[in-house]
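Commentary on secondary and tertiary structure
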Amino acid sequence: MATKKIAVLPGDGIGPEIIAEAVKVLDCLRDAYGFQAEMETAPVGGAGYDAYGKPLPDETLKIAQASDAVLLGAVGGPKYDTLDRPLRPEQGLLGLRKALELFANLRPALLYPQLVSASTLKPEVVSGLDLMIVRELTGGIYFGQPRGVRTLPDGEKEGFNTLVYRESEIRRIGIVAFETARKRSKRVCSVDKANVLECTELWRQVMIEVARDYPDVQLSHMYVDNAAMQLVRAPKQFDVMVTENMFGDILSDCAAMLTGSIGMLPSASLNEAQKGMYEPIHGSAPDIAGRGIANPLATILSVAMMLRYSLGAPELAERIEQAVSRTLDDGLRTGDIFVEGCKKVGTAQMGDAVVGHLRAMAK
Ligand code: NAD
Ligand code: IPM
Ligand code: MN
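Once a new chain begins, its residue numbering starts again from 1 and follows that chain's sequence as written. As a convention, the first chain written is A and the first ligand written is 1, with the rest following in written order. Reporting of local features is limited, given that this is a predicted model, to residues whose pLDDT is at least 70; pairs of side-chain atoms are given and counted only at 80 or more, and all residues count toward the totals for whole chains, interfaces and linings. Here the side-chain values reflect all heavy atoms present in the structure, with hydrogen atoms and water set aside.

We now examine the site of ligand 2. Nearness of a residue to a molecule or strand requires only that one of the residue's heavy atoms be within 4 Å of it. What surrounds ligand 2 is the set Glu90, Arg97, Arg107, Arg135, Tyr142, Asp249 and Ile281. Here a polar contact is taken to be a pair of N or O atoms separated by no more than 3.5 Å, where protein atoms must pair a possible hydrogen donor with a possible acceptor and residues adjacent in sequence count only if both atoms sit in side chains. At 2.7 Å, a side-chain N or O of Arg97 approaches an oxygen atom of ligand 2. Take Arg107: an N or O atom from its side chain is 3.0 Å from an oxygen atom of ligand 2. Note on areas: Shrake-Rupley, 1.4 Å probe, and residue coverage restricted to the protein chains presented here. Calculation on ligand 2 without its partners gives an accessible area of 320 Å², and the protein chains cover 79% of this total.

Written out as C-alpha cells, the structure reads:
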C-alpha cells in the first residue's frame with residue numbers, strides 16, 4: 001500500500017491532548033502493522049490565529065488539500081470569542097469543511113455495552129443502540145446569505161441568517177443517507193421542519209424523490225422537535241437519520257449522551273471523492289483543558305473511521321475498535337464515563353491502554 005498522507009490539526013483546548021493519543025495509535029499501526037503513513041501537523045482555529053493571525057492559515061489549508069485525510073482535534077475557546085467573526089477559531093473549521101467540500105458528515109452513535117451504566121438514560125432505553133446521523137455540512141443556515149446584524153432606521157439592531165438549500169445539495173446528502181442505510185438496517189428517517197420552513201419542505205420533497213431509486217430502503221419523515229424528543233424517549237427506533245446542518249449539530253450532541261458521553265462520538269466529513277476530515281464531535285472543552293483528563297476515545301475512533309472511509313484499511317479500523325472495546329473491558333474510564341467500581345484514568349493512560357491492546361493483537 002502506498003504511503004498515506006495525513007494532515008494532523010490539533011487545534012485548541014483539549015485538541016492537542018486528545019490528538020496526541022490518536023497519533024500514538026497511528027504510530028502503533030506503523031510499528032506493529034506496517035501501515036505506512038506520513039503525518040504533517042499544522043495549526044488551525046485559535047492556534048492558527050496565534051501563529052499566523054488567521055484561523056485557517058494558507059499553509060494549513062495547503063497541507064489539508066495535499067493530504068489523503070485530515071485528522072482534527074477541536075477548535076475554539078473563550079480567549080477568542082470576542083474577535084471579529086472572520087478571525088474566530090470556528091471559522092477555521094467551517095472554512096476547511098467548505099474548501100474541501102465535505103458536505104457529508106457521518107456521526108455514528110454506538111453504545112459500547114460496557115458503557116450502558118455510564119449513560120444518563122435507563123439501560124433498557126439505550127442498550128444495543130447503533131444509529132447513524134447523516135448531517136449536511138456545507139450548506140443550510142450555517143452558510144446561507146444574506147447574514148449579519150444591521151441597524152434599522154429606528155435605530156434598533158436586527159440579526160439575520162438565511163436557511164437555504166438547492167435541490168442538488170439535498171439530493172447528494174440524501175443519496176449518502178440511502179447508500180449508508182443499504183449497508184445497515186435499510187431505514188432512513190429524514191428530519192425536517194416542513195410544517196413551518198419552506199426550505200425544509202423542499203428537503204422533504206427531494207428526499208421522497210431520492211427514495212424512488214432505493215425501493216429496498218424505507219423512508220420516514222419526522223419534525224425536528226419530535227426527533228429530539230424521540231432520541232431520548234426511544235432512540236433504538238432509528239437507524240439512519242438525515243438532516244440539515246444545524247439540526248444535525250444539535251441532534252448529534254443529544255445522541256452522544258446516549259452512548260455515555262460526548263467523549264465517545266467520532267465523525268467523518270466526506271466529499272464526493274471520499275476524501276475526508278475526521279474529528280470527535282465535541283469541542284475544545286475549555287473547562288477541562290490542560291488537565292490531562294479528557295476522553296481521547298472519540299478521537300481514536302475517528303482514526304478508525306479515517307482508515308475505513310478514506311485510507312482503504314477497514315481491517316485496521318476494526319482492530320482499533322476492538323482495542324477500544326478491550327480497554328473498556330479492563331474497566332478503564334476517564335471521568336466523563338466513570339462509574340463506581342471502575343478505574344479512573346487520564347487521557348494518556350487511556351490512550352496507552354488502547355495502544356497496548358493494539359500491539360498485543362498484532363502478535
Ligand atoms: P464542548 O463539546 O467543548 O464541551 C461540552 C462539555 O462536554 C464540557 O463540559 C466538556 O468538558 C465536555 N467534554 C467535551 N469533550 C470531552 C471529552 N473528550 N472528554 C470529557 N469531557 C468532554 O462544547 P462547548 O463547551 O459548548 O464549546 C467549547 C468550545 O468548543 C467553543 O469555543 C465551541 O465553539 C467549540 N466547539 C468546537 C467544536 C469542534 O472543533 N468540532 C465542536 C463543538 C464546540
Ligand atoms: C461541531 C461544532 C461546529 C459546528 C462548530 C464549532 C463550528 O459544533 O462540529 O459539531 O457547529 O458544526
Ligand atoms: Mn456541534
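Resuming the write-up.
In the vicinity of ligand 1, 21 residues are found, and the nearest of them are Val75, Glu90, Gly283, Ala285 and Asp287. Between an oxygen atom of ligand 1 and a main-chain N or O atom of Gly77, the distance comes to 3.3 Å. About the coverage of ligand 1: the protein hides 69% of its 800 Å² of free accessible area. Each residue is assigned to one class: nonpolar for Ala, Val, Leu, Ile, Met, Phe, Trp, Tyr, Cys and Pro, charged for Asp, Glu, Lys and Arg, and polar for all the others, Gly among them. Counted by class, the shell around ligand 1 contains 10 nonpolar, 7 polar and 4 charged residues.

Secondary structure elements follow DSSP: runs of H or I of four or more residues count as helices, runs of E of two or more count as strands, with numbering from the N terminus. Given a helix with a known number of residues, its expected span is that number minus one, times 1.5 Å. Here helix α1 (residues 15-33) spans 26 Å end to end across 19 residues, near enough to the 27 Å set by a 1.5 Å rise per residue. Packing partners of the buried residues in α1 comprise β1 (4-11), β2 (37-41), β3 (69-74), α10 (297-309), α11 (314-329) and α12 (347-362). In the stretch just after α1, Gly34 is the one whose phi turns positive, near 70 degrees. Two residues form a contact once any of their heavy atoms are found within 4.5 Å.

For the rest of this paragraph, the subject is α12. The first and last C-alpha atoms of α12 sit 23 Å apart over 16 residues, in line with the 22 Å expected at 1.5 Å per residue. The rule is simple: take the accessible area with a 1.4 Å probe, protein chains only, and divide by the maximum for that residue type; under 20% is buried, over 50% is exposed, in between is partly exposed. Burial in α12 covers these residues: Thr347, Met350, Gly351, Ala353, Val354, Val355, His357, Leu358 and Met361.

With that out of the way, let us pick up the domain arrangement of the protein chain. Here the protein chain is described as being made up of domain 1 (1-103 + 278-363) and domain 2 (107-270). Contacts between domain 1 and domain 2 engage 28 residues on the former and 31 residues on the latter. Two parts placed together each lose some accessible area under a 1.4 Å probe, and the buried area is that loss summed for both. Taken together, both faces of the contact between domain 1 and domain 2 bury some 2,700 Å²; the carbon and sulfur share is 65%. Its largest share of buried area at the contact with domain 2, domain 1 owes to Arg97, Phe103 and Ile281, together 31% of the area lost on that side. Here domain 1 and domain 2 share 11 residue pairs in polar contact (both at pLDDT 80 or more) between them. Elements represented by at least two residues in the side of domain 1 that touches domain 2 include exactly α4 (89-99), α10 and α11. A domain assignment, automatic or from a database, supplies the domain bounds used here.

Moving on, we come to the sheet that holds strand β5 (residues 130-136). Whether two strands pair comes down to DSSP finding at least two bridges between them. Strands sit in the order β2-β1-β3-β12-β11-β4-β5-β10-β8-β9 across an open sheet of 10 strands; the sheet is mixed. Because the sheet does not close on itself, it has two edges, and the strands there are β2 and β9 (218-223). Adjacent strand axes in the sheet meet at a mean angle of 25 degrees, parallel and antiparallel pairs treated alike. The pairing of β1 with β2 spans 5 bridges and is parallel. Helix axes are fitted only over the stretch in contact, all axes being lines through C-alpha atoms; the angle between N-to-C directions runs from 0 to 180 degrees.

What follows is about the side chain of Arg135. Residue position: Arg135 is located in strand β5. Within the structure, Arg135 has its side chain in polar contact with the side chain of Tyr142 (distance 3.4 Å). Not counting residues within four places of it along the chain, the set of residues in contact with Arg135 comprises Arg97, Phe103, Ala104, Asn105, Arg107, Tyr142, Ile173, Thr243, Glu244, Asn245, Gly248 and Asp249.

Here we come to the environment of Val206. In this fold, Val206 is placed in helix α7 (residues 198-211). Assessed through its relative accessible area of 0%, Val206 is described here as buried. Put simply, Val206 and Gln218 are 12 residues apart on the chain and 15 Å apart in space, counted from C-alpha to C-alpha. Residues within four places of Val206 in sequence aside, it is in contact with Glu167, Ile170 and Arg171.

This brings us to the pairing of β3. Within β3, 6 of the 6 residues are buried, which leaves it mostly tucked inside the rest of the structure. Where β1 lies against β3, 5 bridges are found, and the strand directions are parallel. What sits directly across from Val8, in β3, is Leu71. Note: β3 against strand β12 (residues 276-278), 3 bridges, orientation parallel. Counterpart to Leu71 in the pairing with β12 is Tyr278.

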